[in-house]
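Reading the structure
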Amino acid sequence: MAKKHTIQGVKGMEDILPADAAYYQFIEAAARAVFALYGYSEIRTPILEPTELFSRSVGDSSDIVVSKQMYTFTDPGERSNTMRPEGTAGVVRAVVEHGLLKENPTRKLWYSGQMFRYEKPQKGRLRQFNQLGLEAFGYTHPAADAEIIAMVCRVLARIGFANIVVKLNNLGDKQDRATYNEALRAALAESMTAAPWCDQCKTRALLNPMRVFDCKEPRCQELATTLPRIEQFINPEAKAHFATVTSLLDICNIAWTLDENLVRGLDYYCRTVFEFTQEGTGAQSAVGGGGRYDGLVEELGGPTSPGVGVGLGVERLIIAMKAQGIMPAETAQPELFIAALDEVAIPAVFALTEKARAAQIPVAFDLQPKSLKATLKSANRINAKTCVFVGPTEVEQQRVIWKNLTTGEQESLTFSQTEERLLNFR
Ligand code: HAM
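Residues numbered from 1 in each chain as written. Predicted model: local features only at pLDDT ≥ 70, side-chain atom pairs only at ≥ 80, totals over all residues. Heavy atoms only, no water.

It is worth spelling out the site of the ligand at this point. Neighbouring the ligand are 26 residues; Glu 86, Glu 119, Glu 135, Arg 264 and Tyr 269 lie closest to it. Tyr 268 places a polar side-chain atom, nitrogen or oxygen, 3.0 Å from a nitrogen atom of the ligand. In the environment of the ligand, an oxygen atom lies 3.3 Å from a nitrogen or oxygen atom belonging to the backbone of Val 287. In the complex, the protein chains occlude 95% of the 660 Å² of accessible area that the ligand would expose alone. (Near = heavy atom within 4 Å. Polar contact = N/O pair within 3.5 Å; in protein donor to acceptor, adjacent residues only side chain to side chain. Areas by Shrake-Rupley, 256 points an atom, 1.4 Å probe, with all protein chains shown as cover.)

Before going further, it helps to examine the pairing of strand β14 (residues 386-390). For β14, the tally of buried residues reaches 5 of 5 residues, placing the bulk of the element in the interior. Here β14 shows no split at all, with Thr 386, Val 388 and Val 390 on one side and Cys 387 and Phe 389 on the other all buried. As defined by bridge partners, strand β12 (residues 336-340) adjoins β14 across 5 bridges and the pair is classed as parallel. Note on β14: the bridge partner recorded for Leu 336 is Thr 386. Summarising the sheet, β14 and strand β15 (residues 399-404) pair through 4 bridges and their orientation is antiparallel. Of the residues in β15, the one forming a bridge with Cys 387 is Lys 403. (Buried < 20%, exposed > 50% of the residue type's maximum accessible area, 1.4 Å probe, protein only. Helix = DSSP H or I, 4+ residues; strand = E, 2+ residues; numbered from the N terminus. Pairing = 2+ DSSP bridges.)

Right, let's talk about the environment of Leu 352 for a bit. Mapped onto the fold, Leu 352 is located in helix α13 (residues 346-358). Taking the C-alpha atoms as reference points, Leu 352 and Val 58, 294 residues apart in sequence, are found 56 Å from one another. If we skip the residues at most four places from it in the chain, Leu 352 touches Val 400, Thr 418, Glu 419 and Leu 422. (Contact = heavy atoms within 4.5 Å.)

Geometric descriptors of this kind do not, in isolation, establish any biological role.
As structure tokens, then:
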């Protein structure tokens, strides 16, 4: 028969193999422990959402919409669905749909899951990636922004990162941004008649002019220095809000820098926006980002309720961990290896292993008879301390061989002696 061709996974969507799964578990455990310290509850929302949810939340001028990054399809019932490109919109939808803010006007929620963006895959930029996210609803006070930032710093520190720097910017309120965008568009239109802006910035100037500050082209960065800055357009209340956020961070010794070019790629933000970067992640240095989004809950049909949140990119955290030599704690392998040396020994060995597991004792069992040599090789591969094996003679005598792999000593034990030893094996 002709050999069948192999199937490759979808481009930009990675398999998480056991060696990397340990990193995911480590990061998730660090995050969960911190989230619990702050009284956040978990929420799980579906991957698939009605497409309208994202067109109404992430916004027409967001990268996700402008760059056509959404995985959208019509289901057999002729409904347009989209695989979530980010987590905030789904959480807001769920909170509104289930009236969570009616029960309690403040909510602190966290989530973890896969997000999907049809982007050009590269290191740290995938089409399926994992985010750990936080969303706090009902808090107008700048302490909520500061708390989210402090939590992320705590998660990053717990993972083992040092020198955590938070980049902050103040985007003002909706009206401030509308006035500013008008001024910016006019300045850009004038500048573009004479100066060599890149093609992407020419499109940005029409759709989302603030994104020109994010351009990586040196000549655009240079030209951007001549444009009006948002700072002059921000209302006094939003300025005071930002000042309180930074002073709360200062009180807790959280290092931050003001980055006036930080505009974020989603339209729902207002006032405080932030990003966390880590060395070693290459061009995609943001391991997390977020900000305040007052008005989004209302926009999605909910009550007037402010919101602030953040998303952490797990794959980027792993890249940074590897670059900085931070290892996840090893997942412990069973220290006890039990083996059948012959088919007749399988029932006795199977029963012994199940008894051990019922008593919470981790046991490795190869599920098929093997020679003594192969058994010892497998036991050594997982660094087992003890190997228990049963061959045809042992089955006849209702005994096992208990071998200490450190000292090489071995004993013959009855089944009941073995059970007793197993249950006390630590
Ligand atoms: P975002 O900045 O689009 O924000 O994504 C958050 C993080 O997800 C990024 O900083 C990055 O680490 C990771 N990320 C984004 N795109 C990719 C990709 N294609 N491949 C790998 N990692 C990626 C949001 O998604 C907002 N929902 C965050 C938020 C929550 N704002 C308020 N609440």
